[in-house]
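# Structural description and commentary
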Amino acid sequence: VMMLDDAVVDAEIFGLRSSNCTYGHRFHAPGELPLANAGDYEQLLLSEGLVTASFEQRRNSIHRLVEQAALRLGGEARIDEALLDEVAALVEYPVVVCGEFDAGFLALPPEVLVTTMQENQKYFAVFDPDGGLLPHFVAIANIDSRKPEVVAAGNERVIRPRFADAEFFYSQDRKLGLDRMRDRLDSVVFQERLGSLGDKARRTGRLAVSIAAQLGVDARQVERAAELCKADLMSDMVGEFPKLQGIIGRYYAALQEEDEVVCDAIEQHYWPRYAGDRLPQGCVAQALALADRLDTLLGIFAIGQKPGGDKDPFALRREALAVLRIVGEHRLPLYL
């Protein structure tokens, strides 16, 4: 379509002649929709073509639909902004679909279920008022089905084997344990000239103990947290869901009855994960988070691979900013 007011602007682009005819939803309104005026485009697409042309309107509509559906299910939705953007880009005419899954899967860490729903299926999770995960999900379809219960059942059927896979990964990882996972770090290269992930973990541990001494922190807790902080990278769960690194490590550490401070440090040493993210809270976690980043910064600069204007493969700028935030905002008495 190329129009100025009520006139077609004659042109040919990529072998297509311009016209005043657009097309609506490929299932609900597949025929031609002739435009009398360019200003009618958005309203005609919506009313006759069942297509919401505006990305922002689709996004806002999905946000509202998901919140309302979660309330009907007796809970509330925690809407991930990146997932909302992705779903808004996948549909033309958003229609809400609610589903449920076997409550037995709630024995898994909630982050595992939420990550599975979001990354694999583009579903929105539903939580109870206390923050506990409910055995429900909200999906957004692109058709207004005459049999919505069939669509819901299809979505439920698809998520079941995903959760079963996660349950299997969780079971296998628990049998292995973090200490045996840690031993496998020596088989994975961190950087060719800087050694394996095991080498990095050991360097990080020595540096963390040094930092801990300046902060007056128990060296034994720091050493143990450093030993285990990268172990979950060898887990089946993180192999399937890389975003769970640290998070699943905390769960596995708690299962083998490590100190709570050690468990927290395993997760929090990755904080902040992005600009504006929360900072590690405990002193053990802070010492470990600083040591991990400083080892990366010093190592990569030492081998002459400092970031350029267009390349920063080890995210050194982000790591440096994280160091400054941890030291500055926590007012840690450290001389970097």
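Residues numbered from 1 in each chain as written. Predicted model: local features only at pLDDT ≥ 70, side-chain atom pairs only at ≥ 80, totals over all residues. Heavy atoms only, no water.

With antiparallel pairing, the four strands of this open sheet are ordered in space as β7-β9-β10-β8. Sheet topology places β7 (76-77) and β8 (95-100) at the edges, where each strand pairs with a single neighbour. Pairing analysis gives three bridges linking strand β9 (residues 124-127) to strand β10 (residues 133-141), with the strands arranged antiparallel. For A125, the partnering residue across the bridge sits in β10 and is F137. Helix α5 (residues 148-176) rests against β8 and β10 of the sheet, and its axis sits at about 50° to β8. (Pairing = 2+ DSSP bridges. Helix = DSSP H or I, 4+ residues; strand = E, 2+ residues; numbered from the N terminus. Contact = heavy atoms within 4.5 Å. Axes fitted to C-alpha atoms, helices over the stretch in contact; angles between N-to-C directions.)

For the rest of this paragraph, the subject is the packing of aromatic side chains. Per the stated rule, a full pass over the model turns up six aromatic pairs. Where F190 meets F314, the ring centres are 5.9 Å apart and the plane angle is 65°; that geometry is what we call edge-to-face. Of this pair, F190 sits in strand β11 (residues 189-191) while F314 sits in the loop between α12 (283-302) and α13 (316-329), and the two are 124 residues apart along the sequence. Judged by its relative accessible area of 18%, F190 is buried. Classification of F314 as partly exposed rests on a relative accessible area of 25%. In textbook terms, an aromatic cluster arises when at least three aromatic residues are bridged by ring pairs, as seen for F101, F105 and F163. Note that R78 overlies the ring of F127, its terminal NZ or CZ placed 4.2 Å from the centroid. (Phe/Tyr/Trp six-rings, centres within 6.5 Å; stacked < 30°, edge-to-face > 60°. Buried < 20%, exposed > 50% of the residue type's maximum accessible area, 1.4 Å probe, protein only. Lys NZ or Arg CZ within 6 Å of the ring centre and 35° of its normal.)

A separate point is the pattern of salt bridges. According to the stated counting rule, one finds 24 salt bridges in the structure shown. For K200, the salt bridge identified is with D292, shortest N-O distance 3.1 Å. Taken together, the residues span a long stretch of sequence, with K200 in helix α7 (residues 197-215) and D292 in helix α12 at a distance of 92 residues. For the pair shown, K200 and D292 are each scored as buried. (Salt bridge = Lys/Arg side-chain N within 4 Å of Asp/Glu carboxyl O.)

Our focus in this paragraph is a nonpolar patch on the surface. Taken together, L321, L324 and L336 make up a surface patch of nonpolar side chains, about 340 Å² in accessible area. With respect to the helices and strands, the residue L324 is situated in helix α13. (Patch = residues over 30% accessible without salt bridge, like charges linked within 9 Å, V, L, I, M, F, W, Y side chains within 5 Å. Areas by Shrake-Rupley, 256 points an atom, 1.4 Å probe, with all protein chains shown as cover.)

What you see with β8 is a clean split: V95, V97 and G99 sit on the buried side and V96, C98 and E100 on the side with no burial. In this sheet, β10 lies alongside β8 in antiparallel orientation, the contact comprising six bridges. Bridged to V97 within β10 is A139.

This brings us to the nonpolar core. In terms of nonpolar packing, the biggest core is built from 70 residues, with F101, L113, M117, L178, I211, M237 and L290 touching the most fellow members. When sequence neighbours within four positions are dropped, the list of residues in contact with M237 reads V112, A166, F169, Y170, D173, L244, I248 and Y252. Core analysis: the second largest hydrophobic core is formed by 16 residues, V66, I79, L84 and F124 among them. (Core = buried A, V, L, I, M, F, W, Y, C linked by side-chain atoms within 4.5 Å.)

In this section: the state of the cysteines. As enumerated under the stated definition, the model contains zero disulfides in all. No disulfide involves C229; its nearest neighbouring cysteine sulfur is the one of C263, lying 13 Å away. (Disulfide = S-S within 2.5 Å.)

Another aspect to go through is the side chain of S196. Inspection of the secondary structure puts S196 in strand β12 (residues 195-196). Separated by 3.2 Å, the side chain of S196 and the backbone nitrogen of G198 make a polar contact. Residue contacts for S196: discarding those within four places in its chain leaves L185, D186, V188, V189, F190 and R202. (Polar contact = N/O pair within 3.5 Å; in protein donor to acceptor, adjacent residues only side chain to side chain.)

This part takes up the packing of helix α8 (residues 219-228) against helix α11 (residues 260-268). Running from amino to carboxyl end, α8 crosses α11 at an angle of 45°, the nearest separation of the two axes being 9 Å. One element, α8, and the other, α11, form an angle in the oblique class. As α8 packs across α11, the resulting crossing turns out to be right-handed. Between α8, through Q221, R224, A225 and L228, and α11, the contact on the second element is made entirely by V261, V262, A265 and I266. Broken down by class, the residue content of the contact of α8 with α11 amounts to six nonpolar, one polar and one charged. (Parallel < 35°, antiparallel > 145°, perpendicular 65-115°, else oblique. Left-handed = near helix turned anticlockwise from the far one by under 90°. Nonpolar A, V, L, I, M, F, W, Y, C, P; charged D, E, K, R; others polar.)

Right, let's get into helix α2 (residues 55-72). For an α-helix the count is 3.6 residues per turn, leaving residues at separations of three or four pointing the same way. Taking 1.5 Å of rise per residue, 18 residues should cover 26 Å, and α2 covers 26 Å from first to last C-alpha, within 8% of that figure. Within α2, burial applies to R58, R59, S61, I62, L65, V66, A69 and A70. With its buried residues spanning 165° around the axis, α2 presents them on a single face. Lining the buried residues of α2 we find β7, α3 (81-88), β8, β9 and β10. In this structure S54 caps α2, since a side-chain oxygen of it lies 3.3 Å from the backbone nitrogen of E56. At the C-terminal side of α2, G74 shows a positive phi close to 85°. (Expected span 1.5 Å × (residues − 1). Arc of directions from axis to C-beta.)

What follows concerns the layout of surface pockets. Here the largest pocket is characterised by a volume of approximately 930 Å³. D80, T115, Q118, K243 and I247 are the residues nearest the centre of the largest pocket, which is lined by 24 residues in total. Those elements that provide at least two residues to the lining of the largest pocket are α3 and α4 (110-121). For the lining of the largest pocket, the leading source of residues is α4, giving six residues. By volume, the second largest pocket amounts to about 470 Å³. Taken together, 18 residues form the lining of the second largest pocket, with K230, Q245, Y270, R318 and E319 sitting closest to its centre. Looking at the lining of the second largest pocket, the elements with two or more residues in it are α7, α12 and α13. Tallying contributions element by element places α12 first for the lining of the second largest pocket, with three residues. The residue makeup of the lining of the second largest pocket, split by class, is eight nonpolar, three polar and seven charged. (1 Å grid on protein atoms, 1.4 Å probe; cavity = no way out; pocket = protein on both sides within 12 Å on 5 of 7 lines; lining within 4 Å. Points joined across faces, edges and corners; volume = space filled by probe spheres on them.)

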